[in-house]
Every structure is written in structure tokens, then in C-alpha cells.
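Chain and residue survey
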Amino acid sequence: MADITGSLRAGVRDFRRAPQFGLFFSAVYVFGGFLMLWVGAGHVTWTLATSLGFPLIAPFAAAGLYEVSRRLETDEPLKWSGVLGIVWNERTRQLPWLGAIIVIYFLFWTFLAHMIFALFMGLSTMTNVTESYEVFLTPNGIAMIVVELGVGAVLAFVLFSMTVVSLPLVLHREVDFVTAMLTSMKAVRANLFVMLVWASIIAVLSLLALLPWFLGLMVVLPVLGHATWHLYRRALA
């Protein structure tokens, strides 16, 4: 547990030392959230289409934050050309494969969520949920919510297990994405309780950051990104 608190402190320290980079990469998500609202992402088709961009961008934004932390760790100069150059070069390495895995996983997750919804609510008379949430307070509605949350939690933790170490690992070492994901899952399995706590911290802080019109992400995402680098260094020391 001391590694989590130490990594969070290091994440805050890195963000304070180079805030311009953290704000730059987190702004992608904030503006992306506003874009989804602007194009009417309340409709499931728009939600699916626009949100597909995030799993593709996420590894590259994370790589930028990891590179900043790595340079601060080794006292290398922090220049925009150097950091963005590393992110750009990652397009020909293993990060696009990890992004593709995340997109496929996301699509499967979306399909499964719709299937669970259909199983519980398929025969119910639906109402406009923006005007009434009563349909979700029925026995079927409550059961659906419980199952969706349970299945979603399991799938989220599996994705977390595959990426928490693999994303910084492929930036730091010359390894293929399959080896990186297997290494990540081994690290999670070997430190299950600590990694469960870390996953919970990410989930809670991300949710709280979303509430004030996504603006909290401007600080939370870079801090978590930098902290993930330091947790990776501790986990695979």
C-alpha cells in the first residue's frame, strides 16, 4: 500500500513540475467530452461512434505522460519536440496494437451490455428515460442494473489488468504487446489486493473528475498517468 501512496505523491510532483504537458494531454479528453455533447451523443449511435475514438487515443496520451515522468526521473530535458516525438514514433511500435485490443474489448463490452439489457427489459414497455426513470425501479430494472454493474466491474478489472503495466512497459522496453499484457496480468495477480485498491482509486477519482463538466479531468488524468508510471516502476523493479 505504501507504493500506491508513494506513486500518487510522485504523480502530483511530476504534474506540478511539468503542468503544461499534463494539461495538454488531458485537454484531449475534456474537449472530446464537450464534442460528444455538442454532436448529440445522447443517442446510442453517436455515443458508440464518438467514444470509439478514446480507446485509440488513450494509449498515445498515456505514453506522453509516461515519457514526461521518465524524463523527470532520469533528469533528461523536457522539450515538446522530444515528448511529442516519442508519442509520434509509438505509432509504428506496439501501442497501436494495444489500442486495437482496447477497441475490440470495448465493442464486446457494448454488445454484452445491450444483450443484458435485452434479456431483462426486452419484453417491457419502455418509456422515455429522460422524462421518467420508473422503468428502472421495477424488479426487472433493478435486477438489470445489478447484473450490469457486476459484469461491468469484472470486465473493467480484466481490462485494467491487461493494461496497467503493459502500456508503460511497451514504451519503456522493446517487448511485443502480447508479452506486455501477460506481464501486466502477472503483476496484478501477484499483487491482487494492492491492484484492486489502485483500480478503485482510478475509478472513483475519474468519476468525481467527470462531474464538474469534465473539467476535473484536467488535473486527475495527468496525476493518475504520472502515478501509473511510478507504480509500474515499483511493480517491475
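Details of the structure are given in the entry above.
Let us look at the structure shown here. All residue numbers here refer to positions counted from 1 along the written sequence of the relevant chain. In view of the model being predicted, local features appear only for residues whose pLDDT reaches at least 70, and side-chain atom pairs are presented and counted only at 80 or more, with totals across whole chains, interfaces and linings using the full set of residues. Side-chain measures here rest on the full set of heavy atoms in the structure, leaving out hydrogens and waters.

Counting secondary structure elements, the protein contains 11 helices and 0 strands. Secondary structure elements are defined from DSSP: runs of H or I of at least 4 residues count as helices, runs of E of at least 2 residues count as strands, and each element is numbered from the N terminus. Along its sequence from the N terminus, the protein presents helices and strands in the succession α-α-α-α-α-α-α-α-α-α-α. Two things to know: the radius of gyration comes from C-alpha atoms, and the globule rule equals 2.2 Å times the number of residues to the power 0.38. The globule rule puts the C-alpha radius of gyration for 237 residues at 18 Å, and the 19 Å found for the protein is close to it. C-alpha extents for the protein along the principal axes are approximately 60 × 40 × 35 Å. The buried share among the 237 residues of the protein stands at 40%. Each accessible area is a Shrake-Rupley estimate made with a 1.4 Å probe; only the visible protein chains count as cover when residues are assessed. On the protein, roughly 13,100 Å² of surface is accessible, and the fraction owed to carbon and sulfur atoms is 72%. Charge-centre separation for the protein: the mean point of 14 positive side chains lies 10 Å from the mean point of 12 negative side chains. Three exposure classes are used, based on accessible area relative to the maximum for each residue type with a 1.4 Å probe and protein chains only: buried under 20%, partly exposed in between, and exposed over 50%. Asp and Glu count as negative and Lys and Arg as positive, but His and the ends of the chain are not part of the count. Every charge is mapped onto a representative atom, which is NZ of Lys, CZ of Arg, CG of Asp or CD of Glu.

One finds F25, L98, F160, V164, M195 and W198 to be the most contacted residues of the largest nonpolar core, which totals 54 residues. Sorting elements by how many residues they give to this core places helix α4 (residues 53-74) first, with 8 residues. Here, residues are in contact when the closest pair of their heavy atoms is within 4.5 Å. For F160, the residues in contact, after removing those within four places along its chain, are S184, V188, M195, W198, A199 and I202. To form a nonpolar core, buried Ala, Val, Leu, Ile, Met, Phe, Trp, Tyr and Cys residues must be joined to one another through side-chain atoms within 4.5 Å.

All axes here are fitted lines through C-alpha atoms, helices being fitted over the stretch that makes contact, and every angle between N-to-C directions spans 0 to 180 degrees. The contact between α4 and helix α6 (residues 95-121) brings their axes to 8 Å, and the two run at 140°. Overall, the two elements α4 and α6 adopt an arrangement that is oblique. You can see that α4 and α6 cross each other, and the crossing is right-handed. For the pair formed by α4 and α6, the contact residues are P55, L56, P59, F60 and A63 on the first element and L95, P96, G99, I102 and V103 on the second. When residues are sorted by character, Ala, Val, Leu, Ile, Met, Phe, Trp, Tyr, Cys and Pro go into the nonpolar class, Asp, Glu, Lys and Arg into the charged class, and all the rest, Gly among them, into the polar class. Per-class residue counts for the contact of α4 with α6 are 9 nonpolar, 1 polar and no charged. Relative orientations are named as follows: roughly parallel for angles under 35 degrees, roughly antiparallel for angles over 145 degrees, roughly perpendicular for angles from 65 to 115 degrees, and oblique for any other angle. By convention, the crossing between two helices is left-handed when the near helix turns anticlockwise from the far helix through less than a right angle, and right-handed when the turn is clockwise.

Looking now at the pattern of salt bridges. Just to be clear on terms, a salt bridge is a Lys or Arg side-chain nitrogen sitting within 4 Å of an Asp or Glu carboxyl oxygen. Under the counting rule described, the total for this entry stands at 7 salt bridges. Residue E67 is joined to R71 by a salt bridge in which the shortest nitrogen-to-oxygen separation is 2.6 Å. With E67 and R71 both in helix α4 and 4 residues apart, this pair spans about one turn of that helix. Connected via shared salt-bridge partners are E67, R70, R71 and E76.

In contact at an axis separation of 7 Å, helix α1 (residues 2-17) and helix α11 (residues 217-235) are set at 130° when each is read in the N-to-C sense. Relative to α11, the element α1 is oriented oblique. Crossing geometry of α1 relative to α11 is assigned as right-handed. On α11, the residues that touch A2, D3, I4, G6, S7, L8, A10, G11, V12, R13, D14 and F15 of α1 are M218, V219, P222, V223, L224, H226, A227, H230, L231 and R234. Per-class residue counts for the contact of α1 with α11 are 13 nonpolar, 5 polar and 4 charged.

The subject of this paragraph is a nonpolar patch on the surface. The patches reported here contain residues having more than 30% relative accessible area and no salt bridge. Joining distances are 9 Å for like charges and 5 Å for nonpolar side chains (Val, Leu, Ile, Met, Phe, Trp, Tyr). A contiguous nonpolar surface patch, about 560 Å² in accessible area, is contributed by V204, L205, L207, L208, L210 and L211. Summarising the element assignment, L210 is placed in helix α10 (residues 192-210).

Glancing now at unusual backbone geometry. Phi is positive for W213, which is not a glycine, with a value near 55°. Relative to the helices and strands, W213 is located in the loop between α10 and α11. Positive phi outside glycine occurs at F214, with the angle close to 70°. If you trace the backbone, F214 turns up in the loop between α10 and α11. For F214, a relative accessible area of 17% puts it in the buried group.

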